Amino acid sequence: MNILNGISLGVVVALLPSALVGQLMQAVRQVFPAAAQIIMMTTFAMSLLPAIAAFCVGMYFKLNPIQISAVAIAAMIGSGVMSQKDGQFVLQGTGDIINTGITIALAVGLALILGNKFKNYTILLLPLLVIIIAGGVGILLLPSVRLIATSIGAAITHVTSLQPLVMGTLMGISFAVLIVSPISSVGIATAIGLVGISSGAANLGITAGSFLLAVYGSSVNHIGTTVAHFIGSPKIQMGNMLKRPRLFIPLALNAGIMGLLGAVFEIKGTPMSAGFGFSGLIGPLTAYHAMPTTVLSFIILCMLFVVLPVSLAYISKYIFVDRLQWIKPQDLLLEI
């Protein structure tokens, strides 16, 4: 749970800045020259996700600064976010989150085992061993671990060939589940080239899940944490979701409904927008650009991306939390 919660927190810290200002800076970069610099800074922050996640995990385990630093370096190496090209190191994307988690687990375990065994030589030997052993194992495992995402991508590709309403429902559920798992929803979407109605349904599924988790935990989480679910990423709840699988039931129901409606209204998206949901308004804006520029289009998008997901979230909360009491708001508590 320390590892899952640390990674979840790292995801929000690394990705939220870009989600908050990314689309705005893209829109004003022609009249605001500094926008390009801001985009560069927030994009760089995204690529530091493995190191930030490792730092958060290290804090949960109460590691000392030397141990945390070594774990963070090993995480960057094992994540695959870094590659060497023409003698230079290149950062790209956010890395494989599953392999990042595995590398962090190995690095933390090794740091705890070694502890202060080297006495005065700890600062010399502990970082070296953690980086080489944990980072090296991470590099070796990376190709195999990436096959997990490839297999999931192949299954989702098959879903896109189904009847549109069935496809929309399953796509909404699939991506709502992916967004709160260690798998990158954006990575899957871009890998399989998810376009059109499939992409729109995926976005609406994530949006439904984001608002549901925010509403469920709103009574126990601070306002900033609650807003982070849909402005940032619902992946902040990954630890709680995997600890309490029953949470996936209402999540899947709401996501399926919104995915179905996305297919009915032919909401569209691109490979780069699928997997974001409401975050940074990427999903709604991409859908709007694919629709006729009319007041009706704007109303439809407001209904599908805000009014209906929020309404369904409160209806679901009434059923599963208030009446059936299958779920407690405390299940969604985030101690940040």
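Residues numbered from 1 in each chain as written. Predicted model: local features only at pLDDT ≥ 70, side-chain atom pairs only at ≥ 80, totals over all residues. Heavy atoms only, no water.

**Side note on the environment of Ile319**
Part 1 of the reasoning: With respect to the helices and strands, the residue Ile319 is situated in helix 14 (residues 295-323).
Part 2 of the reasoning: Once the C-alpha coordinates of Ile319 and Phe298 are considered, the two residues, 21 residues apart in sequence, prove to be 30 Å apart.
Part 3 of the reasoning: If sequence neighbours within four positions are ignored, Ile319 has contacts with Leu324 and Gln325. (Helix = DSSP H or I, 4+ residues; strand = E, 2+ residues; numbered from the N terminus. Contact = heavy atoms within 4.5 Å.)

**A short note on the pattern of salt bridges**
Part 1 of the reasoning: What the rule picks out here adds up to three salt bridges.
Part 2 of the reasoning: Between Arg244 and Asp331 there is a salt bridge; the shortest N-O distance is 3.2 Å. Of this pair, Arg244 sits in the loop between helix 11 (238-243) and helix 12 (248-264) while Asp331 sits in the segment after helix 14, and the two are 87 residues apart along the sequence. Across the pair, exposure class does not vary: Arg244 and Asp331 are buried alike.
Part 3 of the reasoning: Ionic pairing is found between Asp331 and Arg246, a salt bridge with its closest N-O pair at 3.0 Å. A residue pair is termed long-range when its members are at least 10 positions apart, and Asp331 in the segment after helix 14 and Arg246 in the loop between helix 11 and helix 12 qualify at 85 residues.
Part 4 of the reasoning: You can call Asp331 buried: its relative accessible area is 7%.
Part 5 of the reasoning: One continuous salt-bridge network, built from bridges that share partners, spans Arg244, Arg246 and Asp331. (Salt bridge = Lys/Arg side-chain N within 4 Å of Asp/Glu carboxyl O. Buried < 20%, exposed > 50% of the residue type's maximum accessible area, 1.4 Å probe, protein only.)

**Some remarks on the packing of helix 7 (residues 164-179) against helix 8 (residues 185-192)**
Think of two packed helices as two axes; the pair is described by the angle between the axes and how far apart they sit.
Part 1 of the reasoning: Packing of helix 7 against helix 8 leaves a shortest axis separation of 8 Å and a crossing angle of 135°. In terms of their interaxial angle, helix 7 and helix 8 are classed as oblique. Together, Phe175, Leu178 and Ile179 of helix 7 and Ser185, Ile188 and Ala189 of helix 8 make up the contact between the two elements.
Part 2 of the reasoning: Here the residues of the contact of helix 7 with helix 8 are counted per class, giving five nonpolar, one polar and no charged. (Axes fitted to C-alpha atoms, helices over the stretch in contact; angles between N-to-C directions. Parallel < 35°, antiparallel > 145°, perpendicular 65-115°, else oblique. Nonpolar A, V, L, I, M, F, W, Y, C, P; charged D, E, K, R; others polar.)

**What about the UniProt feature "transmembrane region" (unreviewed entry) in the protein chain?**
Part 1 of the reasoning: As annotated in UniProt, the feature "transmembrane region" (unreviewed entry) corresponds to residues 38-61, 68-85, 97-114, 121-142, 247-265 and 296-315 in the numbering used here.
Part 2 of the reasoning: Secondary structure across residues 97-114 comprises 100% helix and 0% strand; the distance between its end C-alpha atoms is 25 Å.
Part 3 of the reasoning: Between the C-alpha atoms that bound residues 121-142 there is a distance of 31 Å. The span itself is 95% helix and 0% strand. (UniProt positions renumbered as here; feature names shortened; annotations may be inferred.)

**Some words on the domain arrangement of the protein chain**
Part 1 of the reasoning: Domain parsing of the protein chain yields domain 1 (1-147) and domain 2 (162-335).
Part 2 of the reasoning: Taken over C-alpha atoms, the centre of domain 1 sits 26 Å from the centre of domain 2.
Part 3 of the reasoning: Residue-level contacts link 14 residues of domain 1 with 18 residues of domain 2.
Part 4 of the reasoning: At the surface where domain 1 touches domain 2, the tally comes to zero salt bridges.
Part 5 of the reasoning: For the side of domain 1 that touches domain 2, the elements supplying multiple residues, two or more each, are helix 1 (2-28) and helix 5 (97-114).
Part 6 of the reasoning: For the side of domain 1 that touches domain 2, the element with the most residues is helix 1, which contributes ten residues.
Part 7 of the reasoning: Broken down by class, the residue content of the side of domain 1 that touches domain 2 amounts to eleven nonpolar, three polar and no charged. (Domains from an automatic or database assignment.)

**Things to note about the side chain of Ser199**
Part 1 of the reasoning: In this fold, Ser199 is placed in helix 9 (residues 196-216).
Part 2 of the reasoning: Filtering out sequence-adjacent residues up to four positions away, Ser199 remains in contact with Leu194, Gly269, Thr270, Ser273 and Ala274.

**Here's the deal with the packing of aromatic side chains**
Part 1 of the reasoning: Tallied over the full model, the rule gives four aromatic pairs.
Part 2 of the reasoning: Taking the centre distance of 4.6 Å and the plane angle of 25° together, the rings of Phe211 and Phe230 count as stacked. Residue Phe211 is located in helix 9, and its partner Phe230 is located in helix 10 (residues 223-231); the two are separated by 19 residues in the primary sequence. Of the two residues, Phe211 and Phe230, both sit in the buried class.
Part 3 of the reasoning: With a centroid separation of 5.5 Å and an interplanar angle of 65°, the aromatic rings of Phe211 and Phe278 are classed as edge-to-face. Here Phe278 lies in the loop between helix 12 and helix 13 (282-289) and Phe211 lies in helix 9, a separation of 67 residues in the sequence. (Phe/Tyr/Trp six-rings, centres within 6.5 Å; stacked < 30°, edge-to-face > 60°.)

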